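# Fold and geometry: a report
The residues making up each chain are set out below.
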Amino acid sequence: MRNTININDDIYWIGVNDRKTNLFENLWPIPKGVAYNSYIIKDEKIALIDTVDRSFMDDFIDNVDEISEGRDIDYLVINHMEPDHSGSIKAIIAKYPNIQIIGNKKTFPMLERFYGIKENIIEVKDGDTIDLGKHKLNFALIPMVHWPETMVTYESTTKTLFSGDAFGAFGTLDGGLFDYEVDLNWLEEEISRYYSNIVGKYGSPVQAALRKLEALEIKMICATHGPIWKEFIPQIIEKYKKWSTYSTEKGVVIAFASIYGHNEKLADFIARELVKNGIKNVKIFDVSKTHLSYIIDAIFKYRGVILGSSTYNGGMFPNMASLLHELKSLSLKNHAISTFGSHAWAGTSVKLLNKFAEESKWDIIAESCDVKCNPHDAEYEKCEIIAKEMAKHLNEID
Ligand code: FEO
């Protein structure tokens, strides 16, 4: 009767769709919304796997009520404490005061600090099992995918992996729940953007988690966001292997900050020269127009990065500074970088871009181009060299 979906045997999806929030984590745009997935296993014992953002707690409690049909909930498994999943824990405890809360050593200090909860807890370690009757829950810790306390829960009878944030996606579930029911082309950017924006910093922990999960036979992956993976499990695992090793493709992202259009002219010129030199995938972004979420996602994909910026108030143009800050914190690898920029009287932006380039340890390609006011022939020639050298570098690697 309500929005709950039987997904396998005695397992139900009881999540919610969020189409109101503009910025996930109050930072990342989600024009296609996001789903907070929660699941319930109804057996001799009933187990709830994660909850949802507190804005949806009323609907969520209704969903739990509907499936439990008046029975008590025995266990709440907390795979991840970030409040988009733990936000309704207090409401669940208020409704089911005898519920036992399953987490690991790193879960419970957060549970106490966030919600003041420290009773009825069961601490599990890697490899521990809890028997629900027909279904058995096995726990595996996967720290830093995406917080230190994150773990996954494997239900061994149905071979279902409750994976927390791993394998998640932005985008609401518009009727389709399983991967074969949704338009994965429409969702593709939301899957990669979710990875690059949210989990992307933690490549090594993701690789460690993938190694740990390799031993499991997995028939279904139930993440906390996005579709349930069933028919395309090898494909999503392959994507995670690629992304977590920071593998990049042949192509160039040109991100520019331009106040009166001079850097944009150079961005267009460099792009044309790149294409003339055999680079097909060239993506230009104006940092004042496109949120850094999308620029970061493109940079995750392509090896070449060319950054151009105006000097502003004696320093870096603010939107470019934000992009650099985020790129620095992501510690991306396998990139080649060139820089350009402009100023009216005292140039700082190119110096700061070059400082970023050196600190990033990416391959630095060609001498940067710093323009006073409007680019003239000499500067176009410098940008031609930037494009040629970048194309040469990418063509040699390909
Ligand atoms: Fe969807 Fe890291 O929480």
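Look above for the structure.
Report follows, based on the coordinates. Note that the structure is a prediction, hence the values are computed from the model and not measured. (Residues numbered from 1 in each chain as written. Predicted model: local features only at pLDDT ≥ 70, side-chain atom pairs only at ≥ 80, totals over all residues. Heavy atoms only, no water.)

### Remarks on the pattern of salt bridges
Side chains that carry opposite charge are capable of pairing whenever their charged atoms lie near each other. To keep things clear, this is the line we draw: Note on definitions: salt bridges are taken to be side-chain nitrogens of Lys or Arg within 4 Å of carboxyl oxygens of Asp or Glu. Here a helix means four or more residues in a row that DSSP labels H or I, a strand means two or more in a row labelled E, and each is numbered from the N terminus. Three labels apply to residues, based on accessible area from a 1.4 Å probe with only protein chains included: buried if under 20% of the type maximum, exposed if over 50%, partly exposed otherwise in between.
For the structure shown, the criterion picks out 18 salt bridges. Residue glutamate 190 is joined to arginine 193 by a salt bridge in which the shortest nitrogen-to-oxygen separation is 2.9 Å. Placement of the pair is glutamate 190 and arginine 193 together in helix H5 (residues 184–199), with a separation of three residues, close to one helical turn. With relative accessibility at 0%, the residue arginine 193 sits in the buried group. Between glutamate 273 and lysine 276 there is a salt bridge, with its nearest N and O atoms 2.9 Å apart. A residue pair is termed a helical-turn pair when its members lie 3 or 4 positions apart in one helix, as glutamate 273 and lysine 276 do in helix H8 (residues 262–276) at three residues.

### Some points on unusual backbone geometry
Of note, methionine 144 is a non-glycine position whose phi angle comes to about 70°, a positive value. Turning to its location among the elements, methionine 144 is positioned in the loop between strand S13 (136–141) and strand S14 (151–155). Among the residues examined, methionine 144 registers a relative accessible area of 25% and is labelled partly exposed. Although it is not a glycine, lysine 361 sits at a positive phi angle of roughly 65°. For lysine 361, the location among the structural elements is in the loop between helix H11 (349–360) and strand S22 (363–364). Looking at lysine 361, the relative accessible area reads 73%, which means it is exposed.

### Let's talk about H5
Operational definition: Take the residue count of a helix, subtract one, and multiply by 1.5 Å to get its expected span. Working rule for contacts: check all heavy atoms of both residues, and any pair within 4.5 Å makes them a contact. Pairs of N or O atoms are called polar contacts if they sit within 3.5 Å, as long as, within protein, a hydrogen donor faces a hydrogen acceptor (for residues adjacent in sequence, only side-chain-to-side-chain pairs).
Over its 16 residues, H5 runs only 20 Å from end to end, short of the ideal 22 Å by more than 12%, given 1.5 Å per residue. Where the residues of H5 are buried, they touch strand S4 (23–24), strand S5 (28–29), helix H6 (203–213), helix H7 (233–244), helix H9 (292–301) and helix H10 (318–330). Regarding H5, its N-cap is aspartate 183, as a side-chain oxygen of that residue lies 3.0 Å from the backbone nitrogen of asparagine 185 further along.

### Focus: the pairing of strand S23 (residues 369–372)
To keep things clear, this is the line we draw: Only strands joined by at least two bridges in the DSSP assignment are considered to pair.
Residue alternation in S23 divides its side chains into a buried set, Cys369 and Val371, and an unburied set, Asp370 and Lys372. With four bridges joining them, strand S21 (residues 336–343) and S23 adopt parallel strand pairing. For glycine 341, the partnering residue across the bridge sits in S23 and is aspartate 370.

### Section: the nonpolar core
Selection criterion: Put simply, a nonpolar core is a bunch of buried Ala, Val, Leu, Ile, Met, Phe, Trp, Tyr and Cys residues held in one set by side-chain atoms that sit within 4.5 Å of each other. Note that the domain bounds were set by an automatic or database domain assignment.
Phe167, Leu307, Met320 and Leu323 are the most contacted members of the largest nonpolar core, which totals 87 residues. Each of domain 1 (5–244) and domain 2 (249–397) gives at least three residues to this core. Those residues in contact with phenylalanine 167, other than ones at most four positions away along the chain, are Leu161, Leu210, Leu213, Ile221, Ala223, His225, Trp229, Ile236, Ile237 and Tyr240. Within the second largest apolar cluster, 24 residues are counted, among which are Val77, Ile102, Leu137 and Met220.

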